[in-house]
Amino acid sequence: MKRVFTIFVSIAVAFVVINCKPVSQQQQVNFDVQKTVIPTSIKWSERMALSIMKRHEKAWQIDNHEAPKWDYKIGMILTAYQKLYAKTGDKKYFDYAKGYADELIDSDGNFQNFNPQDHNIDFINPGKILFNLYNKTKEQKYLKALNILRRQFEDHPRTPSGGFWHKKIYPNQMWLDGLYMGQPFYARYTSQFENGKNLNDVALQFELLHDHTFDKNTGLYFHAWDESKQMAWASPQTGTAPNIWLRALGWYGMALVDALDYFPKDHPKQKELVGYLNELASAITKFQDESGLWYQVPNLQTREGNYLEASGSSMLVYAIAKGVNQGYLSKDFEKVANKGFNGLITKLIKVDVDGEIHITQVCASAGLGGNPYRDGSFEYYMREKIKTDNSHGLGSFMLAALELDK
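What you see is a predicted model, and the numbers here were worked out from it, not measured in a lab. (Residues numbered from 1 in each chain as written. Predicted model: local features only at pLDDT ≥ 70, side-chain atom pairs only at ≥ 80, totals over all residues. Heavy atoms only, no water.)

Trainee: Kindly report on the layout of surface pockets, identifying the contributing residues and their values.
Mentor: When its volume is computed, the largest pocket comes out at roughly 660 Å³. Taken together, 33 residues line the largest pocket, and the ones lying closest to its centre are D63, Y72, K73, A364 and H392. Residue assignment for the lining of the largest pocket shows that the elements contributing at least two residues are helix 4 (72-88), helix 8 (176-193), helix 10 (246-259) and helix 15 (391-404). Taken together, the residues of the lining of the largest pocket break down into eleven nonpolar, ten polar and twelve charged. Forming the walls of the second largest pocket are 22 residues, and the residues nearest its centre are T79, K83, N132, D261 and K322. Every element with two or more residues in the lining of the second largest pocket is listed here: helix 4, helix 6 (129-137), helix 8, helix 12 (310-325) and helix 15. (1 Å grid on protein atoms, 1.4 Å probe; cavity = no way out; pocket = protein on both sides within 12 Å on 5 of 7 lines; lining within 4 Å. Points joined across faces, edges and corners; volume = space filled by probe spheres on them. Helix = DSSP H or I, 4+ residues; strand = E, 2+ residues; numbered from the N terminus. Nonpolar A, V, L, I, M, F, W, Y, C, P; charged D, E, K, R; others polar.)

And the structure:
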């Protein structure tokens, strides 16, 4: 009996020892995040980050994807996670972004479920997280993947004026969206690895869309420009899309402040880009609703069906706040950003009993052309689905919260 008891004790001790081995930080993080009530005392950026992790153990699952996908929206969210890691030093945020990259990039730096020859500028955006991963870890696979994305600009099709097509399937078209997808990456790469030799090419992309989408009646910018003027949605005279879309303005603003990080003050194009940002901030301020938010089609606030949209509002808050923080915009614009953020948290953020937060009234998606055909009409922008916790809103809200340090 004593022998049996001794064996039992030995087994029990072994079990305890095995199960008390330290687990990796990522494993511990996933368990803790899943179980912990999210405190209301922490900042909004971290509350959103923890809420996302609570819903999605792995970053590739955001938006309820069934398989890993190299996705521009997740790239925006994980850019925010990297900023949050830089601010807090909490490694779980670094690991969440790293886990996504490691799921989609093999040991040789090759991408899974993504073909660079598709020449879709959206696919450049998630590559921004690779700079920090490479700089911190020095793993060569991240550098190889960065180089693959950089080479895409070498043979990416261009308009006759030199602008990158939004996608190979959209000939001669430039969308404001595409500036955010491609230019901050391009600017950072050429700054870090090429001594800034292609910054003029980066600036050219902004110049073309600024000059060809600017609406002199509002001071805002139409969603896109078709240099060939062949698309049914394009103006036969100017090639511009028929309407102004809030999130496109947000993409444009974020592209400016993020690309400007890599333009030295003495670069001949730096002041020009800062001027564009001031032009945008001044114009959009005139269309800010009393709630602090902006409408889906911002210049047609009173049209039936129009609504206050979360992602574009968050993007503009981020762009204006960062513009002020970096000294590109005057301090007067700080109140615009604060008013916008207060509108987000009072009107569009919902909080569960466990502290998990959700962002509502996010336009799920919008574009031009394609099948089924998107004509860029006011009615089209109103027909697009409105979702809660769509990734466009998650990432942009985190970025806005981080920049304002709320």
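That covers the picture; the talk isn't over yet.
Trainee: Can you explain the packing of helix 3 (residues 44-55) against helix 15? Please cite residues and give values.
Mentor: The geometry of a pair of packed helices is captured by two quantities: the angle between their axes and the separation between those axes. Running from amino to carboxyl end, helix 3 crosses helix 15 at an angle of 150 degrees, the nearest separation of the two axes being 8 Å. In terms of orientation, helix 3 and helix 15 fall into the roughly antiparallel class. Crossing geometry of helix 3 relative to helix 15 is assigned as left-handed. Within the contact between the two elements, helix 3 uses W44, S45, M48, A49, I52 and R55 and helix 15 uses L394, F397, M398, A401 and L402. Along the lines of polarity and charge, the residues of the contact of helix 3 with helix 15 split into nine nonpolar, one polar and one charged. (Axes fitted to C-alpha atoms, helices over the stretch in contact; angles between N-to-C directions. Parallel < 35°, antiparallel > 145°, perpendicular 65-115°, else oblique. Left-handed = near helix turned anticlockwise from the far one by under 90°. Contact = heavy atoms within 4.5 Å.)

Trainee: Before we move on, could you go through unusual backbone geometry and cite the residues and values that matter?
Mentor: At the junction of N371 and P372, the peptide bond is cis and its omega measures out at 5 degrees in the coordinates. By the secondary structure assignment, P372 is in the loop between strand 5 (362-363) and helix 14 (378-383). Phi is positive for N172, which is not a glycine, with a value near 60 degrees. Relative to the assigned elements, N172 resides in the loop between helix 7 (140-155) and strand 1 (173-175). Unusually for a residue other than glycine, N195 sits at a positive phi of about 60 degrees. Structurally, N195 can be placed in the loop between helix 8 and helix 9 (199-213).

Trainee: Break down helix 13 (residues 334-348) for me, with residues and values.
Mentor: Here helix 13 spans 21 Å end to end across 15 residues, near enough to the 21 Å set by a 1.5 Å rise per residue. Along helix 13, the positions that sit buried rather than exposed are V336, A337, G340, F341, G343, L344 and L348. Looking down the long axis of helix 13, one finds its buried residues gathered within 150 degrees of arc, a one-sided arrangement. Turned more than 90 degrees off the buried face of helix 13, the exposed positions are K335 and T346. (Expected span 1.5 Å × (residues − 1). Buried < 20%, exposed > 50% of the residue type's maximum accessible area, 1.4 Å probe, protein only. Arc of directions from axis to C-beta.)

Trainee: Describe the nonpolar core, and please don't skip the residues or the numbers.
Mentor: Core analysis: the biggest nonpolar cluster contains 136 residues, and W70, Y81, L130 and F206 have the highest contact counts within it. When residues in this core are grouped by element, the largest group, ten residues, is from helix 10. Setting aside its immediate chain neighbours within four residues, F206 contacts L179, Q183, Y252, A255, L256, A259, L273 and Y276. (Core = buried A, V, L, I, M, F, W, Y, C linked by side-chain atoms within 4.5 Å.)

Trainee: Give me the lowdown on the pattern of salt bridges, citing residues and values where you can.
Mentor: Scanning all chains against the criterion turns up 21 salt bridges. For D71, the salt bridge is made with K69, and the minimal N-O distance between the two is 3.9 Å. A relative accessible area of 39% places K69 in the partly exposed class. Between R150 and E154 there is a salt bridge; the shortest N-O distance is 2.8 Å. Of this pair, R150 and E154 both sit in helix 7, four residues apart, roughly one helical turn. (Salt bridge = Lys/Arg side-chain N within 4 Å of Asp/Glu carboxyl O.)

Trainee: Could you give me a rundown of helix 9, with the residues and numbers involved?
Mentor: Structural remark: α-helix, 3.6 residues per turn; residues separated by three or four positions point the same way. Over its 15 residues, helix 9 runs 22 Å from end to end, which matches the ideal 21 Å to within 8%, given 1.5 Å per residue. Of all 15 residues that make up helix 9, eleven are buried, and the element is covered over most of its length. When we look at burial in helix 9, the residues that qualify are L199, D201, V202, A203, Q205, F206, E207, L208, L209, H210 and T213. Against strand 1, helix 8, strand 2 (224-226), helix 10 and helix 11 (270-285) lie the buried residues of helix 9.

Trainee: Outline the packing of aromatic side chains, listing residues and values.
Mentor: The geometry of two aromatic rings is summed up by the distance between their centres and the angle between their planes. Tallied over the full model, the rule gives 24 aromatic pairs. Through a chain of ring-to-ring contacts, three or more aromatic side chains come together here, namely F131, F153, F164, F185, Y186, Y189 and F193. The ring of Y134 has K138 lying over it, and the distance from NZ or CZ to the ring centre is 5.0 Å. (Phe/Tyr/Trp six-rings, centres within 6.5 Å; stacked < 30°, edge-to-face > 60°. Lys NZ or Arg CZ within 6 Å of the ring centre and 35° of its normal.)

Trainee: Please provide a residue-by-residue account of the side chain of T190, values included.
Mentor: Of note, T190 is situated in helix 8. On the accessibility criterion, T190 (0% relative accessible area) is buried.

Trainee: Describe the environment of T238, naming the residues involved and giving the relevant values.
Mentor: Among the structural elements, T238 can be located in the loop between strand 2 and helix 10. What makes T238 partly exposed here is its relative accessible area of 39%. For the pair formed by T238 and D226, sequence separation is twelve residues and the distance between their alpha carbons is 8.3 Å. Engagement of the side chain of T238 in a polar contact is seen with the side chain of T240, the distance being 2.8 Å. (Polar contact = N/O pair within 3.5 Å; in protein donor to acceptor, adjacent residues only side chain to side chain.)

Trainee: Explain empty space enclosed by the protein to me, using residue names and the numbers behind them.
Mentor: Tallied over the full model, the rule gives one cavity of 30 Å³ or more. Of the voids in this model, the largest cavity is the one considered here, and its volume is about 60 Å³. If you trace the largest cavity, you find it lined by I121, F164, H166, M174, W175, G178, L179, Q183, Q205 and L209. Among the secondary structure elements, those contributing two or more residues to the lining of the largest cavity are strand 1, helix 8 and helix 9. Sorting elements by how many residues they give to the lining of the largest cavity places helix 8 first, with three residues. When its residues are assigned to classes, the lining of the largest cavity shows six nonpolar, four polar and no charged.

Don't take any of this as a statement about function, it's just geometry.
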